[in-house]
Amino acid sequence: MSPSKNSSHHGNSSVSPAENGFSDRFSQLNSEKAVEELIQQPLVQGIDDHLIEFSEALRTVAKALRRVTEGKASAQAEAAEWKRKYELERARNMHLEEKVLSSGGHYHKLDDERPENLKYQTVLSDETGEQCELYSGKDDICAHEVLRDGEPDSASSGVQNKIMKKASFKLSWCCKGEKSDRHKHDIVSFEMGNITTAERSSKQISLKWESPPCTVLILTKPNSTSVRILCFEMVRWLKEQKKLNIFVEPRVKAELLTESSYYNFVQTWQDDKEMLLLHMKVDLVVTLGGDGTVLWAASMFKGPVPTVVPFSLGSLGFMTPFYSEHYREYLNSILHGPISITLRHRLQCHIIRDSAKSEYESEGPMLVLNEVTIDRGISSFLTNLECYCDNSFVTCVQGDGLILSTTSGSTAYSLAAGGSMVHPQVPGILFTPICPHSLSFRPLILPEHVTVRVVVPFNSRSHAWVSFDGKDRKQLGPGDALMCSMAPWPVPTVCQIDSTSDFLRSIHEGLHWNLRKTQSFDGPRDP
């Protein structure tokens, strides 16, 4: 028994301290010196390592969350755009169907026996023989429309069933040096391993009236005596000499009627709903003021914009080539045509809030002719903005803000912030920082087909503020995104000569671009 007990006891204690390390460790913990060394050296070092790993893990999680937020914003913007297109198409189809049913007519498409350039013509006819015709030719665009006013109220019962017919016109590309005004397409050829561009279009657009204009909208700069006097004179001349229908703003109509009851023939609108339908009635928009009046005219039209004739009565006029002293000669020429026009592109903007519960919850669209400005407002902190072009990261803006400008707005705020002056016919989006806290941050010009997304990151120290052509200022909080892309509805403005000549004249006369005293000819010369 004793040997077995000893053997058993010996067996239990046969494991050496070196094998399990427990006895040595326990003895070390009984020593205060060992405890101090353990706390000061290996334990602290281990905590530092864990903190570094934890910090890196947090950064990884933050990046993943940011990618998720970016994907959500992109999906919301795309869904909102598709919903907008669907609603517009649905409303248009319902309107056509209601019109056909109410008139007892029928809707049909022309057969393929028509000429080649008329195959895409669609006609809406009724029993009276009137037609609402939309025509898309092969090389140019035509519009033929017969528009009927909405239901009149009791005060206008005497003008029931009144028909206003818009002027039809044709747009074509002009090519210098040729008699034909057909568009000279960009032809890219691949021959013998080389890629070449055979020929290019001048991109100068000409508008030719196929029926005379009937209705003119006149917009004026407020609080100007000279503009008011010119407006009175122009309205009288257009009515008496040209027999045109005249629309003005409610404010201007009140001024006209205060001046004389003769101006009772002038028409206006009562609310925003009627204002949104002006493009269906107006053939020409005449602006009397500066570039600000042109911006106001563009902001009135959320969709298609009638041709704008801008007269210069402001301080600077980059978009107003016509002088008011000769308005009769200019308007005579424009009403007879053909005329050169500049298609000034606009930006279409949406705001998607971080709190949006659905991809359809977006603010907009907001249309701008000059620029969208994102700045820090009254905050003393730098603006922190993450910018993306489609799905590609562009940069993080740290400074006073960012300007997204059209080429027409390149001579406005973007120019003051260091951006380049760009011809208005060049399609693109200017990406100009405002006082960036970096010596290497230079402006960019992005192509027209991209969508720019500007996001306020969650680690931003302050909110940002966005304004559209200097108006409608809105706050952007962390996680909010601003989406900007090229709008499908440009602003056509009439040229005095052509788009290039008018642009160069505006920067010479308005900015005195590269104005310098000529170098003396009697100095030293090369031998």
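Here the structure is a predicted model, which is why all the values come from computation and not from measurement.

(A) Focus on the overall build of the protein chain. Looking only at helices and strands, the protein chain features 11 helices and 28 strands. For the protein chain, the residues scored as buried account for 39% of the 527 residues in total.

(B) Quick look at the pairing of strand E24 (residues 452–455). By the alternation rule, side chains of E24 split into Val452 and Val454 and Arg453 and Val455, which are all buried. Pairing analysis gives four bridges linking strand E20 (residues 383–389) to E24, with the strands arranged antiparallel. What sits directly across from glutamate 386, in E24, is valine 455. Examined bridge by bridge, E24 and strand E27 (residues 481–486) share four bridges and lie antiparallel to one another. Pairing of valine 452 across the sheet is with cysteine 484, part of E27.

(C) Spatial organisation of the pairing of strand E10 (residues 204–209). By the criterion of burial, E10 is predominantly enclosed, with five of the six residues buried. Bridge count for E10 against strand E16 (residues 339–344) is three bridges, and the pairing is antiparallel. Note that in E16 the partner of leucine 207 across the bridge is isoleucine 339.

(D) Representation of the pattern of salt bridges. A complete count under the given rule lists 10 salt bridges for this structure. Where glutamate 509 meets arginine 505, a salt bridge forms, and the shortest distance between an N and an O atom there is 2.9 Å. With glutamate 509 and arginine 505 both in helix H11 (residues 499–511) and four residues apart, the pair spans about one turn of that helix. Several salt bridges converge on common partners, so that one network encompasses Arg228, Glu249, Arg251 and Glu255.

(E) Up close: the packing of helix H5 (residues 225–242) against helix H9 (residues 327–336). For the pair H5 and H9, the least separation of the axes is 12 Å and the interaxial angle reads 45°. Put simply, H5 runs oblique to H9. Between H5 and H9 the crossing geometry is right-handed. Of H9, the residues touching H5 (which contributes Leu230, Glu233, Met234, Trp237, Leu238 and Lys242) are Tyr327, Arg328, Leu331, Asn332, Leu335 and His336.

(F) Region of the structure containing the nonpolar core. In terms of nonpolar packing, the biggest core is built from 37 residues, with Ile218, Leu288 and Phe311 touching the most fellow members. Aside from chain neighbours lying at most four places away, what touches leucine 288 is Ile218, Leu219, Thr220, Lys221, Val227, Leu230, Cys231, Met234, Thr293, Phe311 and Leu313. Among the nonpolar cores identified, the runner-up in size contains 28 residues, and Cys389, Leu402, Phe441 and Leu446 belong to it.

(G) How the structure looks around H5. For H5, built from 18 residues, the straight-helix expectation of 26 Å at 1.5 Å per residue is met to within 8% by its first-to-last C-alpha distance of 25 Å. For H5, the elements touching its buried residues are strand E11 (215–220), strand E12 (245–248), helix H6 (250–259), strand E13 (284–289), strand E14 (307–312) and H9. After H5 finishes, the residue lysine 243 shows a positive phi value of roughly 55°.

Reading the values: the criteria
- Along each chain, the written sequence defines residue order, and numbers are assigned to residues from 1.
- Under the rules for a predicted model, residues below a pLDDT of 70 receive no local features and side-chain atom pairs below 80 are neither given nor counted, while totals for whole chains, interfaces and linings still include all residues.
- Side-chain figures throughout are based on the complete set of non-hydrogen atoms in the structure, without hydrogens or water.
- Here a helix means four or more residues in a row that DSSP labels H or I, a strand means two or more in a row labelled E, and each is numbered from the N terminus.
- A 1.4 Å probe rolled over the protein chains alone gives each residue an accessible area, and that area as a share of the maximum for its type sets the label: buried under 20%, exposed over 50%, partly exposed in between.
- At least two bridges found by DSSP between two strands is the condition for calling them paired.
- Salt-bridge detection follows one rule: a side-chain nitrogen of Lys or Arg within 4 Å of a carboxyl oxygen of Asp or Glu.
- Only the stretch in contact is used when a helix axis is fitted, and all axes are lines through C-alpha atoms; the angle between N-to-C directions ranges over 0 to 180 degrees.
- Each angle is binned into one of four classes, with values under 35 degrees roughly parallel, values over 145 roughly antiparallel, values of 65 to 115 roughly perpendicular, and all other values oblique.
- Rotating anticlockwise by less than a right angle from the far helix to the near helix defines a left-handed crossing, while the corresponding clockwise rotation defines a right-handed one.
- Residue contacts are defined here by distance: any two heavy atoms, one from each residue, within 4.5 Å place the two residues in contact.
- Buried Ala, Val, Leu, Ile, Met, Phe, Trp, Tyr and Cys residues form a nonpolar core when they are joined through side-chain atoms within 4.5 Å.
- Multiplying 1.5 Å by the helix residue count minus one yields the expected span of that helix.

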